[in-house]
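Report on the structure
Okay, here's what each chain looks like letter by letter:
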Amino acid sequence: MSAPRRPPVPARKGRRLPALLIVLGLALSALGALIPALPPADLSPGARALASGTPPGGSAAAVNLTVNLTDLPSFDPHSLNAPAGAVVHFTFANVGAYPHTFTLSDTPNVVLAANLTPARLAGFFAANGSFVNVSVAPATTEFVNFSVPSGVAGDSFEFVSLVAYQFQAGMYGFFNVSGAPTGPGITSSLSTTDTFRFVPSDLGVAPTGYPATIDVLVTNDGALPHTFTLDSASNNTLSPGSFTQYFAAHPPKVNVNIPASAGASAWANFTVSAPGIYEFICEVPGHFANGMYGFLYVGVAPPANATAPSTALVQAGVLLGAGSLLGVGVVLAAAAAYTGRFPRSPSPPTH
Ligand SMILES: [Cu+2]
């Protein structure tokens, strides 16, 4: 079948521009009323805009992570993040009536098969080891300190409960290690879905200087594998029919695999040298053609229906420079984290 045609990007931008200016104006005029109402905590690194943990570029000295172990059974949250080299102060709270364990694999980027028997799961950890393995009795709390190795930036480690049939019933999650702090950087986040979408599909960041380090946390909201593949060239529109050949000749700026498991995530860390609009796609066959693409607006105002600029900033100077829209960005991103939806206009089914 032939790939569905997308409207050309320039035309879309042109149509959106007047609306964008109007909305920006409204947003700016509303900010005076909004900003004082924001609790200060919403602007601090580690706000719920992102998964817990310190974003890349922040201090790697210490990260406090609290995990609730429930009788569903589940880990809450089931996606944890910390930078390489950080010391993590874990608090494990068993909020249920059954025993659970928090057992963190030390084997990077392995997603355990969901149909492993309890004996085989225990066998995997016996053979391969674990970073953390703690039993938490009902209605008790355990504290564990864990030093994230410095050489595992970009890796993801699964954690499970080894109590029989809890992993099999869904009690697992992923510990995602971001890059070591590299100085001033900007952090953003988005999700992938089984309906072939990036959510949001338009990301905006507002660096105060170039080259700018940008770290995007990509979390899988579905169960299919995806990639986050970003064009090195700005203001270029990719085509589902020719992106493979294009990337063969023009290597992407960043290309990360998003593990095929709900809640798993991967950091896409990269540097841009100039403002512009950079397209990102999923390279898994058929996904781009079904609409799995988006645009990163670097130093360029994103369309009005996108999330506001940068969801979290790691440096005071960047915060000031990017202005007060940031508060709104953090709040919007927090809402996205809870609801997982920023609706985009529906496109006709292409199957
Ligand atoms: Cu995909």
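Structural notes, computed from the coordinates.

What counts, and at which threshold
Residues numbered from 1 in each chain as written. Predicted model: local features only at pLDDT ≥ 70, side-chain atom pairs only at ≥ 80, totals over all residues. Heavy atoms only, no water. Donors = N, O, S within 2.8 Å, 3.2 Å for Na, K, Ca; no water. Helix = DSSP H or I, 4+ residues; strand = E, 2+ residues; numbered from the N terminus. Buried < 20%, exposed > 50% of the residue type's maximum accessible area, 1.4 Å probe, protein only. Core = buried A, V, L, I, M, F, W, Y, C linked by side-chain atoms within 4.5 Å. Contact = heavy atoms within 4.5 Å. Arc of directions from axis to C-beta. Pairing = 2+ DSSP bridges. Axes fitted to C-alpha atoms, helices over the stretch in contact; angles between N-to-C directions.

Turning to the coordination of the copper ion, a few remarks are in order. For the copper ion, the full set of protein donor atoms is His226 (ND1), Cys282 (SG), His287 (ND1) and Met292 (SD), at a range of 1.9 to 2.8 Å. Site description for the copper ion: donor spacing in sequence, H-x55-C-x4-H-x4-M. Here the residue His226 occupies a position in strand S14 (residues 226–230), and Cys282 occupies one in the loop between strand S17 (276–281) and strand S18 (293–298), the gap between them amounting to 56 residues. Neither residue differs from the other here; His226 and Cys282 are each classed as buried.

This part is about the nonpolar core. The biggest cluster of nonpolar side chains holds 26 residues, and the ones touching the most others in it are Val88, Phe90, Phe92, Phe102, Val132 and Phe175. When contributions to this core are tallied by element, the ones reaching two or more residues are strand S1 (62–70), strand S3 (79–83), strand S4 (87–94), strand S5 (100–105), strand S6 (130–136), strand S7 (141–147), strand S8 (156–160) and strand S9 (172–178). Contacts of Phe102, omitting those with residues within four sequence positions, involve Leu69, Phe75, Leu80, Phe90, Phe92, Val132, Asn133, Val134, Phe159 and Val160. Core analysis: the next-biggest nonpolar cluster, separate from the first, contains 25 residues, Phe196, Ala212, Ala268 and Met292 among them.

The next thing to look at is unusual backbone geometry. The peptide bond linking Leu72 to Pro73 adopts the cis configuration, its omega dihedral lying at 0 degrees. Mapped onto the elements, Pro73 comes out in the loop between S1 and strand S2 (74–76). Positive phi values are uncommon outside glycine, yet Ala139 reaches one of about 60 degrees. By secondary structure assignment, the location of Ala139 is in the loop between S6 and S7. Since its relative accessible area comes to 66%, Ala139 is described here as exposed.

This brings us to helix H2 (residues 118–128). Residues that lie three or four places apart on an α-helix share one face, since the helix turns once every 3.6 residues. Of all the positions in H2, only Leu121, Phe124 and Phe125 are classed as buried. Considered in projection along H2, the buried side chains sweep an arc of 90 degrees and stay on one side of the axis. In H2, the exposed positions angled more than 90 degrees off the buried face are occupied by Ala119, Arg120, Ala126 and Ala127. Buried-residue contacts for H2 involve S5, S6 and S8. Taken from the residues just after H2, Gly129 is the one with a positive phi, measuring 90 degrees.

Strand pairing in a sheet relies on backbone hydrogen bonds, with the paired strands running either antiparallel or parallel. Pairing within the open sheet is mixed, and its 4 strands lie in the order S2-S1-S4-S7. In this open sheet, the two edge strands, each paired with only one partner strand, are S2 and S7. The average undirected angle you get between the axes of adjacent strands in this sheet is 25 degrees. Bridge analysis of S1 against S2 gives 3 bridges, and the strand direction is antiparallel. Residue pairing in the sheet places Leu69 in a bridge with Phe75 of S2.

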